[in-house]
Amino acid sequence: MTKQSEHFTFASDAEVEDLGNGLKRQMLGYNEELMAVKIWFAQGAIGYNHAHRHSQVTYVVEGEFHFNIDGVTKVLKAGDSCFIPPFADHGATCPTGGILIDTFSPAREDFLEDE
């Protein structure tokens, strides 16, 4: 991948992609080594368990999330964060509706396939 985002991202200009099932995604910035993504969860939305080769740090902007990482579930609220190592099975449910900032290293190539 040799793609890179613009240096500045303005919310009014950045596309918000509807992923379905109460999830929306907005790319905040990326290059080959790092990616930041804003994710909106509708009330009751589920980010189903999955795994990938990327290291991930997730920050909770607002709402309550029930995160499962390798079989351990914790409740995270605004201001909390979690680290997800490569290949760890993980997912989250959001009973309240909320917003996350996900960062990945390296960048998630699958998020850029349509660009």
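Since we're looking at a predicted model, the values are computed, not measured. (Residues numbered from 1 in each chain as written. Predicted model: local features only at pLDDT ≥ 70, side-chain atom pairs only at ≥ 80, totals over all residues. Heavy atoms only, no water.)

### Describing the sheet that holds strand β4 (residues 45-50)
For step 1, the next point in the chain: Here four strands make up an open sheet; going across it, the order is β4-β9-β6-β7 and the pairing antiparallel. What marks the edges here is a single partner per strand, and that holds for β4 and β7 (72-77). Here the average twist between neighbouring strands, direction ignored, is 20 degrees.
For step 2, the next point in the chain: Where strand β6 (residues 64-69) lies against strand β9 (residues 90-94), four bridges are found, and the strand directions are antiparallel. Counterpart to N68 in the pairing with β9 is G91. (Pairing = 2+ DSSP bridges. Helix = DSSP H or I, 4+ residues; strand = E, 2+ residues; numbered from the N terminus. Axes fitted to C-alpha atoms, helices over the stretch in contact; angles between N-to-C directions.)

### Re unusual backbone geometry
For step 1, the next point in the chain: Put simply, S105 and P106 share a cis peptide bond, and its omega is -10 degrees.
For step 2, the next point in the chain: Summarising the element assignment, P106 is placed in the segment after β10 (98-105).
For step 3, the next point in the chain: A positive phi angle, near 55 degrees, is found at N21, a position not held by glycine.
For step 4, the next point in the chain: Its place among the elements puts N21 in the loop between β1 (16-20) and β2 (23-30).
For step 5, the next point in the chain: In this model, F87 sits at a positive phi of 70 degrees, which is unusual for a non-glycine residue.
For step 6, the next point in the chain: For F87, the position within the fold is in the loop between β8 (81-84) and β9.
For step 7, the next point in the chain: Its relative accessible area of 61% is what places F87 among the exposed residues. (Buried < 20%, exposed > 50% of the residue type's maximum accessible area, 1.4 Å probe, protein only.)

### Remarks on the side chain of D102
For step 1, the next point in the chain: With respect to the helices and strands, the residue D102 is situated in strand β10.
For step 2, the next point in the chain: Within the buried core, D102 has no salt-bridge partner, and the shortest N-O distance to an opposite charge, that of R108, equals 7.0 Å.
For step 3, the next point in the chain: Engagement of the side chain of D102 in a polar contact is seen with the side chain of T58, the distance being 2.6 Å.
For step 4, the next point in the chain: Excluding anything up to four places from it in sequence, D102 contacts M35, A36, V37, I39, Q56, V57 and T58. (Lys, Arg positive; Asp, Glu negative; His and termini not counted. Salt bridge = Lys/Arg side-chain N within 4 Å of Asp/Glu carboxyl O. Polar contact = N/O pair within 3.5 Å; in protein donor to acceptor, adjacent residues only side chain to side chain. Contact = heavy atoms within 4.5 Å.)

### Points about the environment of I46
For step 1, the next point in the chain: For I46, the position within the fold is in strand β4.
For step 2, the next point in the chain: Since its relative accessible area comes to 30%, I46 is described here as partly exposed.
For step 3, the next point in the chain: Each C-alpha atom of the pair I46 and T93 lies 4.4 Å from the other, and the pair is 47 residues apart in sequence.
For step 4, the next point in the chain: When residues no more than four places from it in sequence are discounted, the contact partners of I46 are L23, F41, A92 and T93.

### Regarding the packing of aromatic side chains
In this description, an aromatic ring pair is defined by two values, namely the gap between the centres and the angle between the planes.
For step 1, the next point in the chain: One pass over the structure, following the stated rule, counts three aromatic pairs.
For step 2, the next point in the chain: Taking 5.0 Å as the distance between ring centres and 90 degrees as the angle between the ring planes, the aromatic pair formed by F41 and F65 counts as edge-to-face. With F41 in strand β3 (residues 35-41) and F65 in strand β6, this residue pair connects regions lying 24 residues apart in the sequence.
For step 3, the next point in the chain: Of the residues examined, F65 reaches a relative accessible area of 0% and is grouped as buried.
For step 4, the next point in the chain: Considering the side-chain rings of F104 and F111, the 5.6 Å spacing of their centres and the 90 degrees angle between planes classify their relative orientation as edge-to-face. With respect to class, F104 is no different from F111; both count as buried.
For step 5, the next point in the chain: Each member of the aromatic cluster is reached from another via a ring pair, and the members are F41, F65 and F67.
For step 6, the next point in the chain: The ring of F111 has R25 sitting right over it, with the charged end atom 4.0 Å from the ring centre.
For step 7, the next point in the chain: Above the face of the F104 ring, R108 is positioned so that its terminal group lies 5.2 Å from the ring centre. (Phe/Tyr/Trp six-rings, centres within 6.5 Å; stacked < 30°, edge-to-face > 60°. Lys NZ or Arg CZ within 6 Å of the ring centre and 35° of its normal.)

Everything listed here is a matter of geometry and, on its own, says nothing about what the molecule does.
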